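Overview (structure and organization)
Take a look at the letters that make up each chain.
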Amino acid sequence: MLYLPSVYRGQSLPLVVMLHGCKQAPEDFAAGTRMNQAADELGFIVAYPAQAWRANVDRCWNWFRESDQLRERGEPAIIAGITRQVIARYNVDRRRVYIAGLSAGGSMAAIMGTTYPELYTAVGIHSGLPYASARGAATAAAAMHFKRLGAAAPRLTLPTIVFHGDKDTTVHPSNSDYSITGEFRAETGEAGGRSYTRTTYGRLEHWLVHGAGHAWSGGDGEASFADAKGPDATREMLRFFFAAKRPEEAPA
């Protein structure tokens, strides 16, 4: 599914690639995140790749399979191909291409940022797992449900914004922890009826939403896996995306 904003007249615009979660379709994901409304307001194109039920009966992206964690292989190659097609057809600004997802889609967004860092400028991960968190279906459940102990926190390839609810029982909140060196800043606040802790570490911005479960924060509560309460993850991700710099553009 592709959404062209009402302002589109062939001019060069940013692109946001959105990867849905398990048991979702692109239409439902678009409704829950309200991303199309934001596209009309801010002027960007949205692409929603769809997972086929033949590839996964629950329509999950297969983030846990080794063959789907590699560049030019499996689902990463398919998503990258879709991204390139949209860029070429709709005159997308190649310096402003972003990818985000929820749950399995967030995990696949992490994979895309790692395997195709030249294609995307920034990554958004909501309730997902870091790159290479599992090496097959047998290890996926443990990676999702149990606190990550002993393993080093993964590092980031691109500027990344992460949202996770601290009451998420589907993907353990420890999966939102990343390894960043240097100074960090943490602040607490309240938005949409939920409190949050927002921590920034250079290229990482991490939102821990207190009391939230496995759902898109600040979304349309009538849609699946969307929580009407809490900070607006869509708006905060877009703010982060549009301010992000590619590694070669960032100051030394």
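Residues numbered from 1 in each chain as written. Predicted model: local features only at pLDDT ≥ 70, side-chain atom pairs only at ≥ 80, totals over all residues. Heavy atoms only, no water.

To continue, consider the sheet that holds strand E9 (residues 204-209). The mixed open sheet is built from nine strands, whose spatial order is E1-E3-E2-E4-E5-E6-E9-E8-E7. At either end of the open sheet lies a strand with only one pairing partner, and these are strand E1 (2-3) and strand E7 (185-191). With respect to the sheet, helix H6 (residues 233-243) is in contact with strand E2 (15-19), strand E4 (97-102), strand E5 (122-126), strand E6 (160-165), strand E8 (194-201) and E9, its orientation differing from that of E6 by roughly 165°. (Pairing = 2+ DSSP bridges. Helix = DSSP H or I, 4+ residues; strand = E, 2+ residues; numbered from the N terminus. Contact = heavy atoms within 4.5 Å. Axes fitted to C-alpha atoms, helices over the stretch in contact; angles between N-to-C directions.)

With that settled, the discussion passes to the environment of Tyr-90. Along the chain, the position of Tyr-90 falls in the loop between helix H3 (74-89) and E4. A relative accessible area of 15% means that Tyr-90 is categorised as buried. When sequence neighbours within four positions are dropped, the list of residues in contact with Tyr-90 reads Leu-2, Leu-4, Tyr-8, Gln-11 and Ile-45. (Buried < 20%, exposed > 50% of the residue type's maximum accessible area, 1.4 Å probe, protein only.)

Here we take up the nonpolar core. One finds Leu-15, Trp-63, Ile-99 and Tyr-120 to be the most contacted residues of the largest nonpolar core, which totals 41 residues. Of all the elements in the fold, those that place two or more residues in this core are E2, strand E3 (45-47), H3, E4, helix H4 (104-115), E5 and helix H5 (137-145). Broken down by element, this core gets its largest block of residues, six residues, from H4. Val-16, Ala-30, Tyr-196 and Leu-238 belong to the second-largest nonpolar core, a separate cluster that totals 27 residues. (Core = buried A, V, L, I, M, F, W, Y, C linked by side-chain atoms within 4.5 Å.)

Moving on, we come to the pairing of E5. Among the five residues in E5, five count as buried, and that is most of the element. Burial along E5 is two-sided: Ala-122, Gly-124 and His-126 facing one way and Val-123 and Ile-125 facing the other are all buried. Strand direction decides the pairing type here: E4 and E5, joined by five bridges, are parallel. For Ile-99, the partnering residue across the bridge sits in E5 and is Val-123. Handedness of the crossover is the feature at issue here: the chain leaves E4, passes through H4, returns alongside E5, and the resulting connection is right-handed. Sheet topology places E5 next to E6; four bridges connect them, and they run parallel. (Right-handed = clockwise from strand over helix to strand, strands pointing away.)

To continue, consider the state of the cysteines. A full pass over the atoms with the stated rule returns one disulfide. Sulfur-sulfur distance for the disulfide between Cys-22 and Cys-60 comes to 2.0 Å. Measuring handedness by torsion sign, the sulfur bridge of Cys-22 and Cys-60 sits at about 125° and is right-handed. In this pair, Cys-22 is assigned in the loop between E2 and helix H1 (26-33) and Cys-60 in the loop between E3 and H3, connecting sequence segments 38 residues apart. (Disulfide = S-S within 2.5 Å.)

This next bit is on the side chain of Gln-51. Along the polypeptide, Gln-51 turns up in the loop between E3 and H3. Of the polar contacts made by the side chain of Gln-51, one reaches the backbone oxygen of Cys-60; its length is 2.9 Å. (Polar contact = N/O pair within 3.5 Å; in protein donor to acceptor, adjacent residues only side chain to side chain.)

Here the focus is the pairing of E9. For E9, the buried fraction is high: five of the six residues fall into the buried class. Sheet topology note: the E8/E9 ladder contains six bridges and is antiparallel. Looking at the pairing, Tyr-196 lines up with Val-209 of E9. Turn length for the E8-E9 hairpin, with the two strands adjacent in sequence and antiparallel, is two residues, and the turn residue Gly-202 shows positive phi of about 65°.

Let us now look at the packing of H3 against H4. For the pair H3 and H4, the least separation of the axes is 10 Å and the interaxial angle reads 80°. Taken together, the axes of H3 and H4 lie roughly perpendicular to each other. Each of Glu-75, Pro-76, Ile-79 and Ala-80 in H3 lies in contact with H4, whose residues at this interface are Met-108, Ile-111, Met-112 and Thr-115. Grouping the amino acids of the contact of H3 with H4 by side-chain chemistry returns six nonpolar, one polar and one charged. (Parallel < 35°, antiparallel > 145°, perpendicular 65-115°, else oblique. Nonpolar A, V, L, I, M, F, W, Y, C, P; charged D, E, K, R; others polar.)

Another aspect to go through is the environment of Pro-5. Looking at the secondary structure, you find Pro-5 in the loop between E1 and E2. Along the backbone, Pro-5 and Leu-42 are 37 residues apart, and their C-alpha atoms lie at a distance of 8.7 Å. Once you skip the residues sitting within four places of it in the chain, Pro-5 turns out to touch Leu-13, Ala-39, Asp-40, Gly-43, Phe-44 and Ile-45.

The full count for this structure, using the stated rule, is nine aromatic pairs. Between Trp-63 and Phe-64, the ring centres sit 5.5 Å apart and the planes meet at 90°, which makes this aromatic pair edge-to-face. Of the two residues, Trp-63 and Phe-64, both sit in the buried class. Taken together through their ring pairs, the aromatic side chains of Phe-44, Tyr-98, Phe-241 and Phe-242 make up a single cluster. (Phe/Tyr/Trp six-rings, centres within 6.5 Å; stacked < 30°, edge-to-face > 60°.)

Let us now look at unusual backbone geometry. Even without glycine at this site, Lys-23 takes up a positive phi of about 60°. Take Lys-23: it is sitting in the loop between E2 and H1. Residue classification places Lys-23 among the exposed residues on the basis of a relative accessible area of 60%. You will see that Asn-91, though not glycine, has its phi angle at about 55°, which is positive. Along the polypeptide, Asn-91 turns up in the loop between H3 and E4.

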